[in-house]
Amino acid sequence: MRTWSRSLLSAEFSVAAFRPSGVITLTTDFGLREPFVGVMKGVIHSRAPAVKVIDLAHDSPAFEPLEAGFWLARSWQYFPVGTVHVAVVDPGVGTERAILVVEVQGHLLLAPDNGLLAPLAAEGKLDSVRALGFESLHKFGIDVVSATFHGRDIFAPVAAELAAGRCQPQDLGTPANIAHGGYQPAKAERNLVEGVVVAVDRFGNLITNIERDMLVGNAWGWAVTVGSRKVELRHTYGHAEAGEYLALVNSFGVLEVARCEGSAFEGLGVGKGAAVRAVFTPENAPKNAQN
Amino acid sequence: MRTWSRSLLSAEFSVAAFRPSGVITLTTDFGLREPFVGVMKGVIHSRAPAVKVIDLAHDSPAFEPLEAGFWLARSWQYFPVGTVHVAVVDPGVGTERAILVVEVQGHLLLAPDNGLLAPLAAEGKLDSVRALGFESLHKFGIDVVSATFHGRDIFAPVAAELAAGRCQPQDLGTPANIAHGGYQPAKAERNLVEGVVVAVDRFGNLITNIERDMLVGNAWGWAVTVGSRKVELRHTYGHAEAGEYLALVNSFGVLEVARCEGSAFEGLGVGKGAAVRAVFTPENAPKNAQN
Amino acid sequence: MRTWSRSLLSAEFSVAAFRPSGVITLTTDFGLREPFVGVMKGVIHSRAPAVKVIDLAHDSPAFEPLEAGFWLARSWQYFPVGTVHVAVVDPGVGTERAILVVEVQGHLLLAPDNGLLAPLAAEGKLDSVRALGFESLHKFGIDVVSATFHGRDIFAPVAAELAAGRCQPQDLGTPANIAHGGYQPAKAERNLVEGVVVAVDRFGNLITNIERDMLVGNAWGWAVTVGSRKVELRHTYGHAEAGEYLALVNSFGVLEVARCEGSAFEGLGVGKGAAVRAVFTPENAPKNAQN
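Residues numbered from 1 in each chain as written. Chains lettered and ligands numbered in written order. Predicted model: local features only at pLDDT ≥ 70, side-chain atom pairs only at ≥ 80, totals over all residues. Heavy atoms only, no water.

### Things to note about the packing of helix H1 (residues 36–47) of chain A against helix H4 (residues 150–163) of chain A
Residues and elements named next belong to chain A. Closest axis-to-axis distance for the H1/H4 pair is 9 Å, and the angle between their directions is 35 degrees. Both H1 and H4 take part in a crossing whose hand is right-handed. Every residue of H4 that contacts H1 at Val 39, Met 40, Val 43, Ile 44 and Arg 47 is listed here: Gly 151, Arg 152, Ala 156, Pro 157, Ala 160 and Glu 161. The residue makeup of the contact of H1 with H4, split by class, is 7 nonpolar, 1 polar and 3 charged. (Axes fitted to C-alpha atoms, helices over the stretch in contact; angles between N-to-C directions. Helix = DSSP H or I, 4+ residues; strand = E, 2+ residues; numbered from the N terminus. Left-handed = near helix turned anticlockwise from the far one by under 90°. Contact = heavy atoms within 4.5 Å. Nonpolar A, V, L, I, M, F, W, Y, C, P; charged D, E, K, R; others polar.)

Here is the structure:
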């Protein structure tokens, strides 16, 4: 499995101690039909009653760590410095896959090393990456470990200990690399950006991995193609007629293909993994500038 | 767009200051598959760590502000006085639609002016209505505003400031009217009430806009028709055989058509928008009185 | 309706007072599309602002108390002693079915007497069982009772009073039995265990009522059959190829039939209620031991 070398990280070892905010976020593919998430919260509360747990997402597509990782990479920064972000989309639970503890700008992320952290790593912001040493868990009273529910038996208690300020990342493991897990950032050239649909949201919007910064120059000069369909770049959903397709840079900073008051996913018949191209054609700029 | 004149409001300007309870409720059509709701909570917690956020509903049908507004109008009163209720079902996000701050009996509601607040306004209980002045947001450090996620960039920080007691509704905007957004209350005459199905709940119950008070006189004298089907008025679900259809005044004070241990929606083949009639026929009263 | 005699309970009357942890868990079949759960939290918060409410599950299949009860029996122990667990899967709401308050190892459970508590009762751990006396509710200011939403009007306020330490189980009702509600534990003989699929989880795993302890001796000597399909017992999901079926003792201590990175439910075409057999065949042991 390919990995990013640690030399890409902005700082190999952080020296400042982690200072918990008392908040833990949870991202899983567990859904809410069974009590899996609730039980994780029970474990966290039992160890750290004063900690606040905030759900980030639990209905992520099952077994798809990259999609959960994409959203996590776009969300952690809206929480206070000192937050512990736990992400468990983990088809390899119980095998020898590592569990990583990552520091980024005063936040901690805890996730299996299966690509979930690759979208964040690709942004090159990580301050440290460590693999959890299972033997070090005993120090914190974490002993009973099932083979199939590490969310409850490892992630929840470790997050609780970190959020309660009773341990530091360096107490939990040794420096490690992050697995790509198949994640591919978009490729940007001067007048051409090529990416893919990384997620289809609940509204049927096609979320891509093309970043705002890749669309340099006059934004309105870019023409977007998804599948075989050309769509125009607009400022927001409301700047189109009901039923019309549009592209926009969404609130998470990436290109999105949407349908006004409808589902681009259903209407266009393209979904996750579909190729998306943006081509800079300066002559388009005047026509769309008023959007 | 038709509006309710402010003269219908029970008091045009409230004089008493809003006294926050420290609770915010959230109603959205964002679902829980993506981290939209979680990120709103991150923003709220970052500004007001002591505030408690309670989810009211997030799987409301997308783009249907009237249904979300119906439920909100039936739910806010179960929270403590001083609660801030945020509702974001907002297909017009990023366009010039207003955002309203409404006072009702010591509670605040924050929602786009697209009909979401119409069901509440129709009850005539509002104490004040103001449109958020975007320029006034700067005073509270709310500057970065995306075109597509006002839930995170406007609603969440404004609610946090209000719930933390750092601003009052009158700091945020000027008096305004409320758009109907197509909302129609039921019509009640002496012996005839005509309404519609406003929501189908998860159990397949058909929830109508016919209020308990419209069914005056001997309740058991009313015969209910939905689509072409007549159903009998009962006291509760359990007072029918499995599979049988019934009408009842539900726990939110409106007429509902249900199927005992089943789905009226699936069984009757009628859904949102279907006409519902209740006719007072006194001769029915004795027969149903024991229900 | 069959009941378990109280003599099966580990102690007929608990003498120690209930000492609340300040946590309430909620299990319902209400979903999150409508504000039913949110309104329950509003009622709890209005009475007991310092209490923390944790969602256990809300997307349980509607009208199926046994499945909710199965998960509850496997989850309560992950919360701190002193937690009040509220479970409302209640097709008989408004009829004369009792509401039970049960004590188990310092926890309280509050549920309708329709079989929901049968999976827990079958484990024989209960310390006391009482039926809520509706007339005793007046003492705690619980007066307005709808016929259709006892979750809001009875369960939530009673749980709040208990979690706030303002009343004890013995203030609320008199000793009672627990209805079976059709619940059948698995039957275990020496070399044969016969159970059923009690739940299909979100991943399509088939969860059975066969307990770890029933698979005595060398675990790897057991052959599992679900429907007409034989599957091998493994240690965890990862110890199989993608697409392969396996059986394992899951993290809640029961036998589960799964498909590696897929859905056993969809692949095998068997679901809830399907017969599951485990047969001890010692000659299998060596072959599977390395799993």
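### Some words on the interface of chain C and chain B
Contacts between the two partners involve 32 residues from chain C, matched on the other side by 30 residues from chain B. Buried area between chain C and chain B, summed over both chains or domains, comes out near 2,600 Å², and the portion from carbon and sulfur atoms is 63%. Linking chain C to chain B there are 0 salt bridges. For the pair chain C and chain B, the number of links is 13 residue pairs in polar contact (both at pLDDT 80 or more). (Buried area = accessible area lost by both parts, 1.4 Å probe. Salt bridge = Lys/Arg side-chain N within 4 Å of Asp/Glu carboxyl O. Polar contact = N/O pair within 3.5 Å; in protein donor to acceptor, adjacent residues only side chain to side chain.)

### Observations concerning the sheet that holds strand E6 (residues 107–112) of chain C
Residues and elements named next belong to chain C. One open sheet accounts for 7 strands, arranged E3-E2-E4-E6-E5-E7-E8; its pairing is mixed. In this open sheet, the two edge strands, each paired with only one partner strand, are strand E3 (52–57) and strand E8 (173–175). For this sheet the average axis-to-axis angle between neighbouring strands, irrespective of direction, equals 25 degrees. Two elements, strand E2 (residues 23–28) and strand E4 (residues 84–88), share 5 bridges in a ladder whose sense is parallel. (Pairing = 2+ DSSP bridges.)

### Observations regarding the relation of the copies chain C and chain B
Structural alignment of chain C on chain B gives an RMSD of 0.0 Å, achieved by rotating through 120 degrees and translating 0.0 Å along the axis. Both copies of the chain, as the preceding transformation shows, are related through a three-fold rotation axis. Little of the interface of chain C is mirrored in chain B, where only 12% of its interface residues again form contacts. (Least-squares fit on C-alpha atoms with pLDDT ≥ 70 in both.)

### Brief notes about the relation of the copies chain A and chain C
For the pair chain A and chain C, the relating rotation is 120 degrees, the translation along its axis is 0.0 Å, and the fit reaches an RMSD of 0.0 Å. In this assembly the copies use different faces: only 12% of the residues contributing to the interface of chain A also contribute to that of chain C.

### Some remarks on the sheet that holds strand E8 (residues 173–175) of chain A
Residue and element names in this part refer to chain A. Sheet architecture is open: 7 strands sit in the order E3-E2-E4-E6-E5-E7-E8, paired in mixed fashion. Edge positions in the sheet fall to strand E3 (52–57) and E8, since each of these pairs with one other strand and no more. Ignoring strand direction, the axes of neighbouring strands in this sheet form an average angle of 25 degrees. This element, H4, spans strand E2 (23–28), strand E4 (84–88), strand E5 (99–104), strand E6 (107–112) and strand E7 (128–132) of the sheet and lies at about 175 degrees to E4.

### Here we look at the interface of chain A and chain C
Taken together, the contact pairs 32 residues of chain A with 30 residues of chain C. Where chain A abuts chain C, roughly 2,600 Å² becomes buried across the two surfaces, and 64% of that area is made up of carbon and sulfur atoms. Here chain A and chain C share 1 salt bridge between them. The interface formed by chain A and chain C holds 13 residue pairs in polar contact (both at pLDDT 80 or more) in total. Broken down by element, the residue count for the side of chain A that touches chain C peaks at 8 residues, all from H1(A). Grouping the constituent residues of the side of chain A that touches chain C by class yields 15 nonpolar, 11 polar and 6 charged.

### Topic: helix H1 (residues 36–47) of chain C
Residues and elements named next belong to chain C. Here H1 contains 12 residues, and its C-alpha end-to-end distance of 17 Å stays within 8% of the 16 Å for a straight helix at 1.5 Å per residue. For H1, the tally of buried residues reaches 10 of 12 residues, placing the bulk of the element in the interior. All of the buried residues in H1 are Phe 36, Val 37, Gly 38, Val 39, Met 40, Lys 41, Gly 42, Val 43, Ile 44 and His 45. (Expected span 1.5 Å × (residues − 1). Buried < 20%, exposed > 50% of the residue type's maximum accessible area, 1.4 Å probe, protein only.)

### A closer look at the packing of aromatic side chains
Overall, the coordinates contain 30 aromatic pairs over all chains when judged by the stated rule. For the pair B:Trp71 and C:Phe36, a centre-to-centre distance of 5.5 Å together with 90 degrees between the ring planes defines the contact as edge-to-face. In this pair, B:Trp71 is assigned in helix H2 (residues 65–73) and C:Phe36 in helix H1, connecting two distinct chains. Residue C:Phe36 is classed as buried on the basis of its relative accessible area, which comes to 7%. The aromatic ring of B:Phe203 is capped on one face by B:Arg202, whose charged end is 6.0 Å from the ring centroid. (Phe/Tyr/Trp six-rings, centres within 6.5 Å; stacked < 30°, edge-to-face > 60°. Lys NZ or Arg CZ within 6 Å of the ring centre and 35° of its normal.)

### Some words on unusual backbone geometry
Only a minority of non-glycine residues have a phi that is not negative, and only a minority of peptide bonds are not trans. Positive phi, close to 70 degrees, is recorded for A:Phe63, a residue that is not glycine. Along the chain, A:Phe63 falls in the loop between E3 and helix H2 (65–75). Of the residues examined, A:Phe63 reaches a relative accessible area of 29% and is grouped as partly exposed. With a phi angle near 45 degrees, C:Gln105 is a residue other than glycine that sits in the positive phi range.

### Details of the nonpolar core
All names here are of chain A. By size, the foremost hydrophobic cluster in this structure holds 67 residues, and its most contacted members are Ile 24, Val 84, Val 86 and Val 158. Per element, the largest residue contribution to this core is 8 residues, and it comes from H4. Contact partners of Val 84, with chain neighbours within four places excluded, come to Phe 18, Val 23, Ile 24, Thr 25, Leu 108, Ala 159, Leu 162 and Ala 163. (Core = buried A, V, L, I, M, F, W, Y, C linked by side-chain atoms within 4.5 Å.)

### Structural notes on the layout of surface pockets
Each pocket or cavity is described by its volume, and for the largest pocket that value is around 1,000 Å³. What lines the largest pocket is a set of 48 residues, among which A:Lys41, A:Val53, B:Val53, C:Lys41 and C:Val53 lie closest to the centre. Looking at the lining of the largest pocket, the elements that each hand over two or more residues are H1 and E3 of chain A, helix H1 (36–47) and strand E3 (52–57) of chain B together with H1 and E3 of chain C. A per-class count over the lining of the largest pocket returns 30 nonpolar, 8 polar and 10 charged. Along the wall of the second largest pocket there are 24 residues; nearest its centre are A:Val144, A:Val145, A:Ser146, A:Asp153 and C:Arg212. Secondary structure elements with two or more residues in the lining of the second largest pocket: H1 and H4 of chain A. The dominant element in the lining of the second largest pocket, judged by the number of residues it contributes, is H4(A), at 3 residues. (1 Å grid on protein atoms, 1.4 Å probe; cavity = no way out; pocket = protein on both sides within 12 Å on 5 of 7 lines; lining within 4 Å. Points joined across faces, edges and corners; volume = space filled by probe spheres on them.)

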